[in-house]
Amino acid sequence: MRLDKYLKVSRLIKRRTVANDACDAARITVNGKPAKASYQVKTGDIIEIAFGQRTMKVEVLAIAEHALKADAAALYRELV
């Protein structure tokens, strides 16, 4: 699954266009490297998202085409 779509489905970022823009601005890294929106996400990838001053780091646990709001948090695990 594409990175921008994964970020939207997992509800880490609200809209796919916003996720796409964040990738273009190099605010998202996967496994320590800046990633394009077209990057194919795999289970076990470490995604780091820069939200202004705050940085969020998550590990991909599962990939799903669709996820309900209640199930979206099960797709990733937040790392410290």
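See the structure printed just above.
None of the values given here were measured: they were computed from a predicted structure.

Caption draft 1: Layout of the pairing of strand β3 (residues 46-51). Across three bridges, the pairing between strand β1 (residues 28-30) and β3 is antiparallel. Bridge assignment links I28 to a residue of β3, and that residue is I49. When β3 meets strand β4 (residues 54-60), the two strands line up antiparallel, connected through six bridges. Within the sheet, the bridge partner assigned to I47 lies in β4 and is V58. Count of turn residues in the β3/β4 antiparallel hairpin: two residues, of which G52 carries a positive phi of about 60 degrees.

Caption draft 2: Expanded view of the environment of M1. Within the secondary structure, M1 is located in the segment before α1 (3-9). For M1, a relative accessible area of 16% translates into the label buried. As a C-alpha pair, M1 and S38 span 37 residues in sequence and 8.5 Å in three-dimensional space. Excluding residues that lie within four positions of it along the chain, M1 makes contacts with Y6, Y39, Q40, V41, I63, A64 and E65.

Caption draft 3: Looking closely at the pattern of salt bridges. Overall, the coordinates contain four salt bridges when judged by the stated rule. For R16, the salt bridge is made with D4, and the minimal N-O distance between the two is 3.3 Å. With R16 in helix α2 (residues 16-24) and D4 in helix α1, the pair connects residues that are twelve residues apart, well separated along the chain. Residue classification places R16 among the partly exposed positions, given a relative accessible area of 32%. Counted as one network, the salt bridges with shared partners bring together R2, D4 and R16.

Cut-offs and rules
- Once a new chain begins, its residue numbering starts again from 1 and follows that chain's sequence as written.
- Owing to the predicted nature of the model, reporting of local features is limited to residues with pLDDT of at least 70; listing and counting of side-chain atom pairs is limited to 80 or more, with chain, interface and lining totals taken over all residues.
- Excluding hydrogens and water, the side-chain figures rest on all heavy atoms present in the structure.
- By this definition, two strands are paired if DSSP reports at least two bridges between them.
- Secondary structure elements are defined from DSSP: runs of H or I of at least 4 residues count as helices, runs of E of at least 2 residues count as strands, and each element is numbered from the N terminus.
- Between buried and exposed lies partly exposed: a residue is buried under 20% and exposed over 50% of the maximum accessible area for its type, with that area taken using a 1.4 Å probe on protein chains only.
- When checking whether two residues touch, look at their non-hydrogen atoms; a contact exists if any pair is within 4.5 Å.
- Between Lys or Arg on one side and Asp or Glu on the other, a salt bridge is scored when a side-chain nitrogen of the former is within 4 Å of a carboxyl oxygen of the latter.

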